[in-house]
Amino acid sequence: MNWSPENGKLLLPLALGWLAVWWLLPREKPRGRILGGMAGVAALLVLQATLLPPAGDVVRDVLFYLFASVAVLSAGLMITDKNPVYAALWFALTTLAVCGLFLLNSAPFLAAATIIVYAGAIVVTFVFVIMLAQQSGSAGYDKSSFQPGVASLLSFGLLATLLFSLQDWG
């Protein structure tokens with residue numbers, strides 16, 4: 001793989017995304033979530049401006065950006081929320097946004113099957129089990145994350161590898 005100037009453009013959104021996830025991960029001493037959210041939105045906007053050129057169909061583009069941003073933001077909130085019930089609800093919203101993307105790509109059966117299987121069955125089971133198991137309050141692993149810097153750095157390193165390899169295919 002050869003390093004190109006296009007690859008360098010991906011470093012800023014990856015760094016902003018890592019900073020957002022690291023800032024939003026649960027800690028013993030709570031932090032403001034607004035700064036992490038702003039870094040995440042900035043990362044998405046810079047990534048969109050870098051990778052996705054505007055196309056001809058405005059309505060389709062607006063719906064795509066809406067569903068994609070809701071999916072990415074709710075997935076980020078799902079992994080950074082301290083309350084497991086809210087995390088399950090963020091997972092349901094992520095699933096519904098991905099189903100919207102399926103519908104935009106003319107895959108209605110896949111969208112319906114995903115809603116029935118994931119949002120209908122698995123999320124209800126998650127919420128049911130969480131509510132039964134969480135009778136004495138939050139556990140220690142829900143209050144703070146274990147090595148948040150290393151975990152978020154490795155995950156964004158994997159994302160960088162994926163983005164660089166996909167950019168070479170284009």
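Whatever comes next refers back to the structure up there.
Keep in mind the model is a prediction, meaning the values are calculated, not measured. (Residues numbered from 1 in each chain as written. Predicted model: local features only at pLDDT ≥ 70, side-chain atom pairs only at ≥ 80, totals over all residues. Heavy atoms only, no water.)

## Here's the deal with a nonpolar patch on the surface
- Where nonpolar side chains cluster on the molecular surface, the patch consists of Ile-34, Leu-35 and Met-38 and spans about 350 Å² of accessible area.
- Mapped onto the elements, Met-38 comes out in helix 3 (residues 33–51). (Patch = residues over 30% accessible without salt bridge, like charges linked within 9 Å, V, L, I, M, F, W, Y side chains within 5 Å. Areas by Shrake-Rupley, 256 points an atom, 1.4 Å probe, with all protein chains shown as cover. Salt bridge = Lys/Arg side-chain N within 4 Å of Asp/Glu carboxyl O. Helix = DSSP H or I, 4+ residues; strand = E, 2+ residues; numbered from the N terminus.)

## A closer look at the side chain of Thr-94
- On the secondary structure map, Thr-94 appears in helix 5 (residues 84–104).
- Residue classification places Thr-94 among the buried residues on the basis of a relative accessible area of 12%.
- Other than its neighbours up to four places away in sequence, Thr-94 contacts Ala-71, Ser-74 and Ala-75. (Buried < 20%, exposed > 50% of the residue type's maximum accessible area, 1.4 Å probe, protein only. Contact = heavy atoms within 4.5 Å.)

## Observations regarding the nonpolar core
- Core analysis: the biggest nonpolar cluster contains eight residues, these being Leu-10, Leu-14, Val-21, Leu-25, Phe-156, Ala-160, Leu-163 and Phe-164.
- Elements represented by at least two residues in this core include exactly helix 2 (11–24) and helix 8 (148–169).
- At four residues, helix 8 tops the list of elements feeding residues into this core.
- Ignoring any residue separated from it by four or fewer positions in sequence, one finds Val-21 in contact with Thr-80, Ser-152 and Phe-156. (Core = buried A, V, L, I, M, F, W, Y, C linked by side-chain atoms within 4.5 Å.)

## Brief notes about helix 3
- Helix length check: helix 3, at 19 residues, gives a terminal C-alpha distance of 27 Å against a target of 27 Å (1.5 Å per residue), a fit within 8%.
- When helix 3 is considered as a whole, its buried residues turn out to be Gly-36, Ala-39, Gly-40 and Ala-43. Relative to the axis of helix 3, the buried residues are bounded by an arc of 100° and lie together on one face. What points out from helix 3, more than 90 degrees from its buried face, is the exposed set Ile-34, Met-38, Leu-45 and Ala-49.
- Buried residues along helix 3 sit in contact with helix 2. (Expected span 1.5 Å × (residues − 1). Arc of directions from axis to C-beta.)

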